[in-house]
Amino acid sequence: MKKIKSRKWQSGKTGAVLVLSVCSMLLILNGIRKNAAQLQYQLQQYLLRSAQAMYVPSLVWKEDSVSSGPGEWIRQKALAWIPVVQYVEDHAEYGSSLEDEETIAKILESQANDENAVDENGKLIGQPDEPQQPVSSEVAADQSIDKLRDFEYLLSNFYTVDSSTMIGAEQLNVDDLLGRNMKIGREGNEPKILIFHTHSQETFVDSVPGDISTGIVGIGQYLTELLNAKGIPTLHDFGVYDIINGKLDRSEAYENAEASIRPILDANPSIEVAIDLHRDGVAETTHLVTQINGKPTARIMYFNGLSRSRTNGDITYLYNPYIQDNLAFSLQMQLASERMYPGFVRHIYLKAYRYNLHLLPKSLLIEAGAQTNTVEEMKNAMEVLADTLCEVL
C-alpha cells in the first residue's frame, strides 16, 4: 500500500513539475505579466483538486474534471498565441466510431438493399426516391474548368448527395479527378473489362419471367457484346449473388459477389475495369427515358460509395483505397456522357457505403434505367454507354 501511494505521489509531483515548466515557458514567451496572478490561482486550484481526487475522492463532484483546470487554460492560451494549432484541430479528420457486430450487420444489409427496397419476389416496397424526373431533352451544364473548380457549382450540377453521407471540396477537387488517367491498355487480346451484377434478379416492365436475356443480366450481355465488337475485350459474369435457398435475399449480395469476382480478377490480371450493372427502382409513374438518335433510350446514373457515414465518419470495415479513383472514373464518364449525349445521364449519386468499388481503381456502379423501362430502351442505353466507355477508356 505504501509503495502504491509513493508512486501516486511521484506521478503527481512529476505532473505538477511538468505543468509548472510549461506555464513558465509560455509566460516568458508571452511576456505579459498580468497573466501571472491568474496562472498562479489556476495552478493552486488544479493541485488542490488533483489532491482531493487522489486521496479524498468523495469530496470531488463527479462533474468536475481536471481537464478544465490549468491544462485547459494553458491549451487555450497556446492556441491564441499559435493560431496554426487551432487550424490543425479544426481540420482534423473526422474519425469513425467502433460499432458492434449487430450495427455492422445492419449497415451491410442496408448496403445490399440501398438502391431500392424489394420484397422476396422482387417487388418494390413503398415509394422509392426519385432524384430527378424524366426528361425528353436536356441542355448540358457548363463544363469549363473555371466552373468545375467551383465546388458548389460542381456539386449542384453533377451530383446528388444522399443524406447518409457527406463530401467536401478536397474529395471533389476537379483538377485531381480529371488529371487521373482512366485510359486502358489496348495491346493483346486479354480481357480489359469485367461486367457483373450484384443484383442479378432485376427486371423491366416487359421482361419475360424466367428468361434472363430480358433482365439485367441480358442487358449486361448485350453491353459485353457491344464492347467486344468495338475492340475492347470484355468478360461477363453470370453469377447469381442475391438468391439464397431459392429465394431473393440481398442481405449478403455484395459479400457473395466479392467472393466470386476476386478469383476472376486474380485469374485475369489484364482486367482494368470492373462494372457492376444494376437497374434502379422508381415510382411506377416515373419513366426514365430520353430520345437519342431518334430512339427511346433509358437514362442511367453513375453511383459512388464513399465508405463514410455522416453520423459516424469513415466506415473502417468498408475500407476502400480507391475512392478518389472511383470518383475520377464516374466524373469523367459523367462529363463525357453529357458532352456526347445531353440528357442521357442523371446526376452522380453519392452514398455512404462501399458497394465493391474497392475491387479495382477503375470500378464503376451503374444504375441503368429502372423497372418501368422496356428491354428495348435498356438496349438502346447500352449502345450509348458503350460509346461513352470507349471515349473515356
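Heads up: the structure comes first, above all this text.
A quick note: this is a predicted structure, and the numbers were derived from the prediction, not measured. What you see as residue numbers is a count from 1 along each chain, following the sequence as written. The model is predicted, so local features are restricted to residues of pLDDT at least 70 and side-chain atom pairs to those at 80 or more, both for listing and for counting; the totals for chains, interfaces and linings are taken over all residues. To get the side-chain values, all heavy atoms of the structure are used, and hydrogens and water are removed first.

## Digging into the side chain of His199
For the purposes of this entry, the term helix denotes a DSSP run of H or I that reaches at least four residues, the term strand denotes a run of E that reaches at least two, and both are numbered from the N terminus. Locating His199 in the fold gives a position in the loop between β2 (193–196) and α9 (216–229). Nitrogen and oxygen atoms within 3.5 Å of one another constitute a polar contact, given that in protein one can donate a hydrogen and the other can accept it, and given that sequence-neighbouring residues count only through two side-chain atoms. A distance of 3.5 Å separates the side chain of His199 from the side chain of His278, its partner in a polar contact.

## Some thoughts on the packing of helix α11 (residues 323–340) against helix α12 (residues 375–392)
Axis lines are fitted through C-alpha atoms, for helices just across the contact stretch, and the angle between N-to-C directions can take any value from 0 to 180 degrees. Orientation of α11 relative to α12, taken along the N-to-C sense of each, is 120°, at an axis distance of 9 Å. Considering the angle they form, α11 stands oblique to α12. Crossing handedness for the pair α11 and α12: right-handed. Facing Phe329, Gln332, Met333, Ala336, Ser337 and Met340 of α11, the residues of α12 in contact are Leu385, Asp387, Thr388, Leu389, Glu391 and Val392. An angle counts as roughly parallel when it lies under 35 degrees, as roughly antiparallel when it exceeds 145, as roughly perpendicular when it falls between 65 and 115, and as oblique in every other case. Whether a crossing is left-handed or right-handed is set by the direction in which the near helix is turned from the far one by less than a right angle, anticlockwise for left-handed and clockwise for right-handed. Contact between two residues is taken to exist if any of their heavy atoms lie within 4.5 Å; hydrogens are not considered.

## A short note on the packing of aromatic side chains
Working definition: rings of Phe, Tyr and Trp (its six-membered ring) pair if their centres are within 6.5 Å, and the pair is stacked with planes under 30 degrees apart, edge-to-face with planes over 60 apart, and tilted otherwise. Scanning the entire structure with this criterion turns up five aromatic pairs. With a centroid separation of 5.6 Å and an interplanar angle of 70°, the aromatic rings of Tyr254 and Tyr355 are classed as edge-to-face. Taken as a pair, Tyr254 in helix α10 (residues 253–267) and Tyr355 in the loop between β12 (348–351) and β13 (362–370) lie far apart in primary sequence, 101 residues in all. Relative accessibility decides the category of a residue: with a 1.4 Å probe and only protein chains considered, values under 20% of the type maximum give buried, values over 50% give exposed, and everything between is partly exposed. Tyr254 sits in the buried class, given a relative accessible area of 1%. Tyr355 sits in the buried class, given a relative accessible area of 1%. Judged by centre distance (5.0 Å) and plane angle (90°), the ring pair of Phe303 and Tyr355 falls under edge-to-face. Placement of Phe303 in strand β9 (residues 300–305) and of Tyr355 in the loop between β12 and β13 is noted, with a sequence separation of 52 residues between them. We note that Phe303, like Tyr355, is buried. The structure contains a cluster of three or more aromatic residues connected by ring pairs, namely Tyr254, Phe303, Tyr349, Tyr353 and Tyr355.

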